[in-house]
Amino acid sequence: MKTDAVNRTIGPYLPSRKYLPIVIVAVLLIALAIRLIFALTAQHPGHGDQAFYLTLAENLADGRGFEVDYIWNYLSQPENIPCFSNDYWMPLTAVIISLSLSIFGKSLIIALLPSILFGLTLSVIAYFIGKTYLSSRFVIYYSSAVVLFIPALFKYSLLTDSTIFYAVFVSLSLLFTTKGMKKPGYFLLSAICACLAHLTRQDGVLLVPILIFAMLISPYRRKTKYMILVTSMVLYVIILLPLLIGNYKTFGALFPPGPFKTIFLTEYEDIYSYSRELSLRTYLAWGLPNILLSKIKIGLYNIKTLFELSGYFICIFAFVGIFETVISRDKKRQIYFPFLLYLLLLYFFYSLIATFPSSYGGFYRSAMSLIPFFLVISMDTIWRHIPSKQTVFLIVILITTVFMANSIYSARKMIITNSKINQQLTQLKDVLQNDIKADNDAVIMTRGPWEVFYTTGYKTIQIPNENIDTIYEVALKYGADYLLLPAPRKALEDIYSGTRVDARFKLIANIKDTDLKLYRINQPD
């Protein structure tokens, strides 16, 4: 509750109302300036997802539609190159980035602008989360400032990746669900944001049961509940409809078969298998002890991930606040339930169902959407439980300083890593064009088809996680001319080390200043 005493306590640690807007704008400009400095030094989008979304965005800006000039998985058995782009990853991220490219021109800095702006938007969302849940101006304003420098969010606001967009849409959906408990119209906004989250990442669909549950337990008359429920679901389907139609035309089903198969992975690299069966039968054949052990290990790993995302200090106080919420009879605190329900659904989904995708960043990326809530709850708990407000102020300043330093360090490290990728693949491109004189329509088989295509411009296909005969069969099917190693493929380890000679793969180049080796794929006699 707001009281004069509380406001007097807050007073020394917040600028006066006259200067507060100036301070807010200054903090946002500082956060923007730091991000732009890093964005201007970026030379390459990075590995995997980031290169994929930028490539697709450029294709959309060029009017080519939803297709890419490479095959990075075989879960949906693509026929040829180019192929449909969204057999696994969702399309909205590329659409957003393509708008920036279409307006301002194609370059990496232009492609990064939407991510940067969405990263700053999380500050506004944190502000409204605080306004909705709490009454302390100190918690509200400082939460909205600190979220700008959380290292994980800072880093992903400098990547052409789905993560930062997903964080915004999920945060908004959960916020609007909460506000819908008092004003039913917010449920419609929540449904829109939930669908946008679904169009950004597959697990956005987890917001649907939360929204439905919230509407059903809301304090409105039954007729109002059902009207809002039906309208919300219709809105959701209408927004999702173009993707569903595209999927049906491509796969003969509303949803691509690939993501479902990943439930039955027994190792992550099997996501790149070609002929290997991924089904309940093969999963059960792996053995119950292996299945249980994998889920326990990933469950523990995901708990560790939660603490690392926001920092251990923030998370400890956040979980104290969450515990108080669970046992509290204070209805005002119980409005946290949409966030808590999503936290539980997300955790158990990635621990028990999408187990192996979680081990390679699935849960890490999706859980970033929870950071604004963790931060607000943590700051509120710190504010309520530490009597000395001067101590609270010093803690917050220290946390922000540490976060900012870690953000700058991790962003710099990422830029250096991506620059190294660019340097190595530029060397590869030079060898292909000037030494080997590769045809423009040549196809390269590689473990990194996304970044190899982005840098070299040559079509690429994934090295399947199979035996060497199947790898060769796939190379012939899709017309691969070259094999790029190293790759985490046991069947190719001896060829890369030089301890085995296979006439089907002939070494033609060691790429200077890298560990890359290029092999010509020979046709059968």
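Residues numbered from 1 in each chain as written. Predicted model: local features only at pLDDT ≥ 70, side-chain atom pairs only at ≥ 80, totals over all residues. Heavy atoms only, no water.

### A closer look at the overall build of the chain
Thought 1: Looking only at helices and strands, the chain has 23 helices and 8 strands in total.
Thought 2: By the compact-globule yardstick of 24 Å for 525 residues, the chain fits well, its C-alpha radius of gyration being 25 Å.
Thought 3: Structurally, the chain occupies a C-alpha span of about 90 × 50 × 45 Å along its principal axes.
Thought 4: Relative to its 525 residues, the chain shows a buried fraction of 56%.
Thought 5: Intrachain contacts of the chain at a sequence separation of at least 6 include 72% that bridge at least 24 residues.
Thought 6: On the chain, roughly 23,300 Å² of surface is accessible, and the fraction owed to carbon and sulfur atoms is 64%.
Thought 7: Distance between charge centroids for the chain: 17 Å, based on 48 positive and 33 negative side chains. (Helix = DSSP H or I, 4+ residues; strand = E, 2+ residues; numbered from the N terminus. Rg over C-alpha atoms; globule rule 2.2 N^0.38 Å. Buried < 20%, exposed > 50% of the residue type's maximum accessible area, 1.4 Å probe, protein only. Contact = heavy atoms within 4.5 Å. Areas by Shrake-Rupley, 256 points an atom, 1.4 Å probe, with all protein chains shown as cover. Lys, Arg positive; Asp, Glu negative; His and termini not counted. Charge placed at Lys NZ, Arg CZ, Asp CG, Glu CD.)

### Some words on empty space enclosed by the protein
One water molecule sets the probe size; rolling that probe over the atoms shows where empty space is left.
Thought 1: Throughout the structure, instances matching the rule amount to 3 cavities of 30 Å³ or more.
Thought 2: Put simply, the largest cavity is a space of about 60 Å³.
Thought 3: As for the largest cavity, its lining consists of Asn86, Trp89, Met90, Pro91, His198, Gln202, Leu240, Leu243, Asn247, Phe255 and Pro256.
Thought 4: For the lining of the largest cavity, a count of residues per class yields 7 nonpolar, 4 polar and no charged. (1 Å grid on protein atoms, 1.4 Å probe; cavity = no way out; pocket = protein on both sides within 12 Å on 5 of 7 lines; lining within 4 Å. Points joined across faces, edges and corners; volume = space filled by probe spheres on them. Nonpolar A, V, L, I, M, F, W, Y, C, P; charged D, E, K, R; others polar.)

### Digging into the packing of aromatic side chains
Thought 1: For the structure on display, the rule yields 42 aromatic pairs.
Thought 2: Relative to Phe317, the ring of Phe313 lies with its centre 5.0 Å away and its plane at 50 degrees, an arrangement referred to as tilted. With a gap of 4 residues between them, Phe313 and Phe317 both fall in helix H15 (residues 312–327), about one helical turn apart.
Thought 3: Within the aromatic cluster, the residues linked to one another by ring pairs are Phe52, Tyr53, Trp72, Tyr88, Trp89, Tyr268, Tyr272, Tyr360 and Trp450.
Thought 4: The side chain of Lys179 reaches across the aromatic face of Tyr186, ending 5.2 Å from its centre. (Phe/Tyr/Trp six-rings, centres within 6.5 Å; stacked < 30°, edge-to-face > 60°. Lys NZ or Arg CZ within 6 Å of the ring centre and 35° of its normal.)

### Overview of a nonpolar patch on the surface
Thought 1: A cluster of nonpolar side chains, contributed by Leu288, Leu292, Ile296, Leu300 and Ile303, occupies part of the molecular surface with about 490 Å² of accessible area.
Thought 2: With respect to the helices and strands, Ile303 occurs in helix H14 (residues 288–310). (Patch = residues over 30% accessible without salt bridge, like charges linked within 9 Å, V, L, I, M, F, W, Y side chains within 5 Å. Salt bridge = Lys/Arg side-chain N within 4 Å of Asp/Glu carboxyl O.)

### A few points about the side chain of Asp87
Thought 1: Positionally, Asp87 belongs in the loop between strand S3 (83–84) and helix H4 (92–104).
Thought 2: One buried charge, Asp87, has no salt-bridge partner; the nearest side chain with opposite charge is Lys261, at 9.8 Å.
Thought 3: A polar side-chain atom of Asp87 sits 3.5 Å from a polar atom in the side chain of Asn73.
Thought 4: Ignoring any residue separated from it by four or fewer positions in sequence, one finds Asp87 in contact with Trp72, Asn73, Ser76, Phe251, Pro256 and Pro259. (Polar contact = N/O pair within 3.5 Å; in protein donor to acceptor, adjacent residues only side chain to side chain.)

### Re unusual backbone geometry
Thought 1: A cis amide bond, omega 0 degrees, links Ile81 with the succeeding residue Pro82.
Thought 2: Among the structural elements, Pro82 can be located in the loop between strand S2 (70–71) and S3.
Thought 3: The backbone phi angle of Gln77 is positive, close to 50 degrees, even though this residue is not glycine.
Thought 4: Examined against the element boundaries, Gln77 turns out to sit in the loop between S2 and S3.
Thought 5: Phi at Asp513 is positive, roughly 65 degrees, even though this residue is not glycine.
Thought 6: Within the secondary structure, Asp513 is located in the loop between strand S7 (505–510) and strand S8 (517–521).

### Quick word on the nonpolar core
Thought 1: With 146 residues, the main nonpolar core has Tyr342, Met445 and Ile461 as its most contacted residues.
Thought 2: Looking at this core element by element, the count peaks at 12 residues for helix H5 (residues 108–133).
Thought 3: Setting aside anything within four residues of it in sequence, one finds Met445 in contact with Ile461, Gln462, Ile463, Pro464, Ile471, Val474, Ala475, Ala480, Tyr482, Leu483, Leu484 and Ile521.
Thought 4: Among the nonpolar cores identified, the runner-up in size contains 17 residues, and Leu432, Tyr458, Leu484 and Ile511 belong to it. (Core = buried A, V, L, I, M, F, W, Y, C linked by side-chain atoms within 4.5 Å.)

### Notes on the environment of Ala354
Thought 1: Positionally, Ala354 belongs in the loop between helix H16 (337–353) and helix H17 (355–359).
Thought 2: The exposure class of Ala354 is buried, given its relative accessible area of 8%.
Thought 3: Measuring from C-alpha to C-alpha, the distance between Ala354 and Thr262 comes to 6.8 Å, with 92 residues separating the pair along the chain.

### Some remarks on the packing of helix H3 (residues 49–61) against H4
Thought 1: The geometry of H3 relative to H4 is characterised by a closest axis approach of 8 Å and an angle of 55 degrees between their N-to-C directions. Between H3 and H4, the angle is such that the two are oblique. Crossing geometry of H3 relative to H4 is assigned as right-handed. Across the interface between the two elements, Tyr53, Leu54, Leu56, Ala57, Glu58, Leu60 and Ala61 from H3 touch Thr93, Ala94, Val95, Ile97, Ser98, Leu101 and Ser102 from H4. (Axes fitted to C-alpha atoms, helices over the stretch in contact; angles between N-to-C directions. Parallel < 35°, antiparallel > 145°, perpendicular 65-115°, else oblique. Left-handed = near helix turned anticlockwise from the far one by under 90°.)

### Re the side chain of Ser171
Thought 1: In this fold, Ser171 is placed in helix H8 (residues 163–180).
Thought 2: Within polar-contact distance, the side chain of Ser171 engages the backbone oxygen of Ala167 at 2.7 Å.
Thought 3: Excluding its chain neighbours within four sequence positions, the residues that come into contact with Ser171 are Leu122, Ile125, Ser369, Pro372 and Phe373.

### Some details on the packing of helix H9 (residues 185–198) against helix H10 (residues 207–217)
Thought 1: Put simply, H9 and H10 touch, their axes get as near as 10 Å, and they point 170 degrees apart. With respect to their mutual orientation, H9 and H10 come out roughly antiparallel. Residues Phe187, Ser190, Ala191, Ala194 and Ala197 of H9 form the contact with H10, whose own contacting residues are Leu207, Leu211, Ala214 and Met215.
Thought 2: When the residues that make up the contact of H9 with H10 are grouped by side-chain class, the tally is 8 nonpolar, 1 polar and no charged.

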